[in-house]
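Chains, contacts and geometry: an overview
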Amino acid sequence: MASLRADFPVERVQFVCCDVTEPASVEQAFDDVVSHYGRIDILVNCAGYVMLQPVIETDFAEWQKQIAVNLTGPFLCSQAAARLMIRAGAGGKIINIASQAASIAIDNHVAYTSAKAGLLGMTKVMAKEFAPHRINVNTLSPTVVLTPMGEKAWRGEKGEQMKKLIPLGRFAYTDEIAAAVLFFASNGSDMITGADLMIDGGFTIW
C-alpha cells in the first residue's frame, strides 16, 4: 500500500482498506471516501474470488466464501454508494463485474456461477429502483482476464483448451475491461441501465 501511495498524488487518490463482506467495514470505507471527497459518483464492484471445484466436492464454507465476496460484497457496496448518491441528488454510475460464467455453464464453477448469476439479477433490480434517481447500474461479463487470479485459475493445458472454445482464440487483457468500465462510467452510457455487456471473445456464441 505504501508503494502505491507513493505513485499517486494524495489530493487525487485515496486508498481505503475494506472487507466487502462485512457491513461495518463497507460503511466505514464509504464514510471515509465521502469525508475525503465530499461525494461519490461512480462505483466499480470488482472484488472477486474463485476456487474451481466440482459440485460434489464444493464444501459449504467454500460456497459461502464465494457467495460472500462475489455477490454479498457488491450488494453491500452498491447499497452504501446508492444511499450517498441519492442523498447528493446528482445521479451516479454503478458498474458490477460479472462473468461469462453467469450466463453459460462451465465445469467446476458452481459457487462462482451462482454468485455471478445472482449479480446479474441484483443489477436489474437495482437499475429499476435507482433509475428515478438517475443512477445507472450495469454489468460487464468478461471471459478469463489475464489478472493474477485468472492466470492462476487457467494456467497450463486447461487454459489452452479453454482458448479453443473462444472464437477469438485468446483471453482478455485488463485494459480491454478497463475500456468498458470507462464507457459505463461516462456520459456516453447515460441511456443504458440494467444491461450486461459480454466481453468474451464470442465464447457465449456457442
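Residues numbered from 1 in each chain as written. Predicted model: local features only at pLDDT ≥ 70, side-chain atom pairs only at ≥ 80, totals over all residues. Heavy atoms only, no water.

The cut-off we apply is this: UniProt positions are given in the numbering used here, feature names are shortened, and annotations may be inferred rather than shown by experiment.
Per an unreviewed UniProt entry, the chain carries the name 3-oxoacyl-[acyl-carrier-protein] reductase FabG and comes from Enterobacter agglomerans. Listed under Sequence similarities (unreviewed entry) in UniProt, the entry text for the chain is "Belongs to the short-chain dehydrogenases/reductases (SDR) family."

**Details of the overall build of the chain**
Just so we agree on the cut-off: For helices the rule is a DSSP run of H or I covering at least 4 residues; for strands it is a run of E covering at least 2, with both sets numbered from the N terminus onward. For a compact globule the rule gives 2.2 Å times the number of residues to the power 0.38, and the radius of gyration it is set against comes from C-alpha atoms. Note on exposure labels: buried denotes an accessible area under 20% of the residue type's maximum, exposed denotes more than 50%, and partly exposed covers the range between, all computed with a 1.4 Å probe on protein chains only. It only takes one pair of heavy atoms within 4.5 Å for two residues to be counted as in contact.
A tally of regular secondary structure across the chain gives seven helices and four strands. Ordered by position from the N terminus, the helices and strands of the chain form the series α-α-β-α-β-α-β-α-α-α-β. Here the chain has a C-alpha radius of gyration of 18 Å; the compact-globule value for 206 residues is 17 Å, and the two agree. Principal-axis analysis of the C-alpha atoms places the extent of the chain at approximately 50 × 40 × 35 Å. Counting over 206 residues, the chain shows a buried share of 38%. Long-range contacts, defined as pairs at least 24 residues apart, comprise 71% of the intrachain contacts of the chain with a sequence gap of at least 6.

**Quick word on the nonpolar core**
Heads up, the condition is: By nonpolar core we mean a set of buried residues, namely Ala, Val, Leu, Ile, Met, Phe, Trp, Tyr and Cys, connected to one another through side-chain atoms within 4.5 Å.
Residues Phe30, Ile94, Phe130 and Val137 are the most contacted members of the largest nonpolar core, which totals 23 residues. Those elements that provide at least two residues to this core are α2 (23–37), α3 (60–88), α4 (110–130) and β3 (135–142). Setting aside residues up to four positions removed in sequence, Ile94 forms contacts with Leu43, Asn45, Ser78, Ala82, Met85, Phe130, Ile135, Asn136, Val137 and Asn138. In terms of nonpolar packing, the next biggest core, distinct from the first, is built from eleven residues, Tyr112, Met162, Phe171 and Phe203 among them.

**Regarding the pattern of salt bridges**
For clarity, the cut-off: A pair is scored as a salt bridge if a Lys or Arg side-chain nitrogen falls within 4 Å of a carboxyl oxygen belonging to Asp or Glu.
Following the criterion strictly, the structure yields five salt bridges and no others. Its salt-bridge partner being Asp41, residue Arg39 comes within 2.7 Å of it at the nearest N-O pair. You can call Arg39 partly exposed: its relative accessible area is 42%. The exposure class of Asp41 is partly exposed, given its relative accessible area of 33%. Among the salt bridges present, the one from Asp190 reaches Lys93, with a minimum N-O distance of 3.0 Å. Residue Asp190 is located in the loop between α7 (174–185) and β4 (196–199), and its partner Lys93 is located in strand β2 (residues 92–97); the two are separated by 97 residues in the primary sequence. Here Asp190 falls in the partly exposed class, since its relative accessible area comes to 43%.

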